[in-house]
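Breakdown of the fold
Here is what each chain is made of, one letter per residue.
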Amino acid sequence: METLTANSASTNESVSSVPTEREQQNKKSRWKGFRKHSNLSENESATGLPPKRPNGIWRTVVQQKYLYLMSLPFVIWLFVFNYLPLWGWTMAFQNYKPAKSFSEQKWVGFDNFVRLFHDDQFYLVLRNTLAMSVLGLIFGFIVPIVFAILLNEVRGMAFKRVTQTVSYLPHFVSWVVVAGIISNLLSMDGIINQLLVWLHLIDEPIQFMAKGTWFWGIVTASDVWKETGWNAIIYLAAITGIDKELYEAARVDGAGRFRQIWNITIPGIRSTIMVLFIMSIGHLLSIGFEKQMLLGNSLVTDYSQVLDLYALNYGIKIAHFSYGTAISMFNSVISIILLFTVNGLFKKFAKESIM
Amino acid sequence: MASSSKAFNATKGERTFDVINYILLGLVLVITLYPFLNVLAISLNDSTDTVRGGIYIWPREFTLENYKTIFGYTSLVQGFKISILRTVIGTLLGLISSSMLAYTLSRPDFRSRRFVSVFLAMTMYFSGGMVPVYILMRDLHLLGTFGIYVLPGLVSAFNVFVIRSFIDGLPYALQESAKLDGANDFVIYYKIILPLCKPVLATIALFLAVGQWNSWFDTYLYNGNKPSLTTLQYELMKILDSTNQGSAMTNANDLANQMANVSPESIKMAITIVVTLPILVVYPFLQKYFVGGMTLGAVKA
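Residues numbered from 1 in each chain as written. Chains lettered and ligands numbered in written order. Predicted model: local features only at pLDDT ≥ 70, side-chain atom pairs only at ≥ 80, totals over all residues. Heavy atoms only, no water.

1. Quick word on the overall build of chain A
Which entries qualify depends on this criterion: Note on conventions: DSSP H or I runs of at least 4 residues are helices, E runs of at least 2 residues are strands, and numbering of each starts at the N terminus. The classification of residues rests on relative accessible area computed with a 1.4 Å probe and restricted to protein chains. Under 20% of the type maximum is buried, over 50% is exposed, and intermediate values are partly exposed. Surface exposure here means Shrake-Rupley accessible area, sampled with a 1.4 Å probe, where a residue is shielded only by the protein chains that are shown.
Scanning chain A from N- to C-terminus turns up 18 helices and two strands. Relative to its full complement of 355 residues, chain A shows a buried share of 51%. Total accessible area on chain A is roughly 17600 Å²; 65% of this is exposed by carbon and sulfur atoms.

Right, here's the structure in full:
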């Protein structure tokens, strides 16, 4: 969902650029309509004065008062809930005390960051965040593409439909439920252990959830299980857009299924893949904390603690607000730098970009 | 069929490919479905019998006792109510606000369109982070209120843009003729745009409802100590978590611990089913919409 959310920014861009020509025309005709019906223009024609420029702005606002009434509350809302918290970043440079007002806070410069970069725990947390993001990036990115391609190759419509419907079922289930299911499957007498013992791959059941070294893999696998079907929707849609005649032509030329996939399907969805890939890299550090928090336990904290959880534990649970903010801020800044760097690189070398 | 395979002399390779493909996708099907069926089977099995293990996709000693038991837990029933309430209110308000904003953004003549658009799009890249948001909620006196479930998530840029691109696809002449008939912008939105937007609104409603129903973290962070406002997901989280031996979460209250001591696997699975069921019931009906809506919002042709 995260990649999708962000991706719509590009959609917005592209969508808004397309209708502009139509908009220009609409604008003219609509203006006429407004003139005819608005009281203001009648007054104007009575006095015979041409519309003045400064009045123009105010007049449009009055004419479009309903549009303003319908959007202004949400602009204010956006400002409060999305932009005001950015102001909170100032806390990172203060020794923030909740009881004091802003002017009474003590400014400490980069002290919180210095402390952060001297904290061994921080590097451990950063390692975990990076490890799980990179694993998530690789598998969470490749598996849906492979799944979409394989699903596209299925001839039986009924089977295809059932598989697709079932595949995005887990997406709609909360992480709480998924975490419960996963720990049930991986428990000592869970199906995975039973299967592994039955296949003689292991001699006795493994305590998956208690071994830190397994944690990254478990998180990645759960994520893949939950989101593969959902993420494949976009690729399936892109595959549907490929010209069927290309396949016909390839088949006539004697291309097998693999050749068709390699030479038609994959190039056909290349730009979709690229855009989503850039987005995922931009969100590399913002992998969230839900799965880590719900699947983790005190036995595996050395492997399960990620930046957001670290910020939660320091920033809110023990009320070190300034330090917690510094952690979040580090996270955001790196993410934005990553996003712009990757976007710039792709723009330069692959002529693909999202912004 | 026979002639076509002869024409493309690749019968053997094609067949092998198909077989392997069906096996792989069949495996995906099993891996996705099995956990759900397993949970359902355990929830319908006698709780003392479940301890023996070996329940796969069919209950061994069928009973509905587990479900009866969990509806006796007052905190769960209360959580159920709050979850339904927040889902209904949150979805309705979210639909109204995002469609309203989307409509103004779709109007090419709207003077502040560009500004509002950019102002909205920026929120997808920047966020204040957990601590500043928490402080803001505290300063707004939203901690420990029902409003915190609905207000912070009222407008999401993604939803607005999805609805907007749908409205862009509608013929503009409709709005124009309404205007000639003397309808103002709000009437056009309410009487013309909203009814035409039903497919995309169904998609967004699903997203919003699922998001509301599934969220637990806001309860944990803001309302965890308000038993009257905790949600079903949060209660489930406490129950699943308190049995997890070395859990980092020690502040789960006594009730949850108490319940954990008496709630065996079957009861936990019954709660899981109750939490999951509403989504499973709704989602097949909305499937045709959300696949279209996803594609609309996420892929540029």
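2. Side note on the pattern of salt bridges
In plain terms, the rule: For this analysis, a salt bridge means a side-chain nitrogen from Lys or Arg found within 4 Å of a carboxyl oxygen belonging to Asp or Glu.
A complete count under the given rule lists 17 salt bridges over all chains for this structure. Among the ionic pairs, R164(B) bridges to D168(B), the shortest N-O distance being 3.7 Å. Placement of the pair is R164(B) and D168(B) together in helix α9 (residues 157-168), with a separation of four residues, close to one helical turn. For the pair shown, R164(B) and D168(B) are each scored as buried. Residues joined by salt bridges that share partners form a network here, namely E153(A), R155(A), R257(A), E14(B) and D18(B).

3. Concerning the packing of aromatic side chains
Put simply, the rule is: Think of it this way: a Phe, Tyr or Trp ring, Trp meaning its six-membered ring, pairs with another when their centres are within 6.5 Å, and the plane angle makes it stacked under 30 degrees, edge-to-face over 60, tilted otherwise.
Under the criterion given, the structure shown has 36 aromatic pairs over all chains. Taking 4.4 Å as the distance between ring centres and 55° as the angle between the ring planes, the aromatic pair formed by F289(A) and F217(B) counts as tilted. Pair noted here: F289(A) is in the loop between α14 (270-282) and α15 (290-295) and F217(B) is in helix α13 (residues 217-223), and the two residues belong to different chains. The two residues F289(A) and F217(B) agree in class, both being buried. Here a set of aromatic residues connected by ring pairs shows up, and it is made of Y168(A), F172(A), W230(A), F158(B) and F207(B).

4. Looking at the interface of chain A and chain B
For interface size, the figure often reported is the accessible area lost on association. Quick note on the threshold: Contacts between residues were defined by any pair of non-hydrogen atoms, one from each residue, lying within 4.5 Å. By convention, the term buried area covers the 1.4 Å-probe accessible surface removed from two parts as they join, with the contributions of both added.
Residue-level contacts link 112 residues of chain A with 112 residues of chain B. Summing both partners gives a buried area of about 10200 Å² for chain A against chain B, and 71% of it is carried by carbon and sulfur. Applying the counting rule to chain A against chain B returns four salt bridges. Taking the shortest distance from any N to any O, the salt bridge between D18(B) and R155(A) comes out at 3.8 Å. With 17 residues, the top contributor of residues to the side of chain A that touches chain B is helix α5 (residues 65-87) of chain A.

5. A few points about the domain arrangement of chain B
All names here are of chain B. Heads up, the condition is: The domain limits used here are those given by an automatic or database domain assignment. Polar contacts here mean pairs of N or O atoms no more than 3.5 Å apart (in protein, one a potential hydrogen donor and the other a potential acceptor; neighbouring residues in sequence count only if both atoms are side-chain atoms). Note on residue categories: nonpolar means Ala, Val, Leu, Ile, Met, Phe, Trp, Tyr, Cys or Pro, charged means Asp, Glu, Lys or Arg, and polar means any other residue, Gly included.
Per the domain assignment, the segments making up chain B are domain 1 (10-62) and domain 2 (65-300). Domain 1 puts 10 residues into the contact, and the matching count from domain 2 is 10 residues. Between domain 1 and domain 2, roughly 740 Å² of surface is buried when both sides are summed, and carbon and sulfur atoms account for 72% of that area. When the buried surface of domain 1 facing domain 2 is broken down by residue, V39, S43 and S47 rank first, second and third, together holding 56% of it. Our count for the domain 1 to domain 2 interface comes out at six residue pairs in polar contact (both at pLDDT 80 or more). Across the side of domain 1 that touches domain 2, the residue classes break down as five nonpolar, four polar and one charged.

6. Focus: the nonpolar core
What counts, and what does not: Grouping buried Ala, Val, Leu, Ile, Met, Phe, Trp, Tyr and Cys residues that are joined through side-chain atoms within 4.5 Å yields what is termed a nonpolar core.
Counting residues in each nonpolar core, the largest one holds 132 residues, and the members touching the most others are L312(A), I70(B), L120(B), F217(B) and F290(B). A per-element tally of this core places helix α16 (residues 265-298) of chain B first, with 11 residues. Two domains each put at least three residues into this core: domain 1 (10-62) and domain 2 (65-300) of chain B. What F290(B) contacts, discounting residues up to four positions off in sequence, is Y168(A), F172(A), W230(A), I233(A), T203(B), L206(B), F207(B) and Y283(B). In this structure, I145(A), A232(A), A238(A) and L276(A) belong to the second largest nonpolar core, which totals 25 residues.

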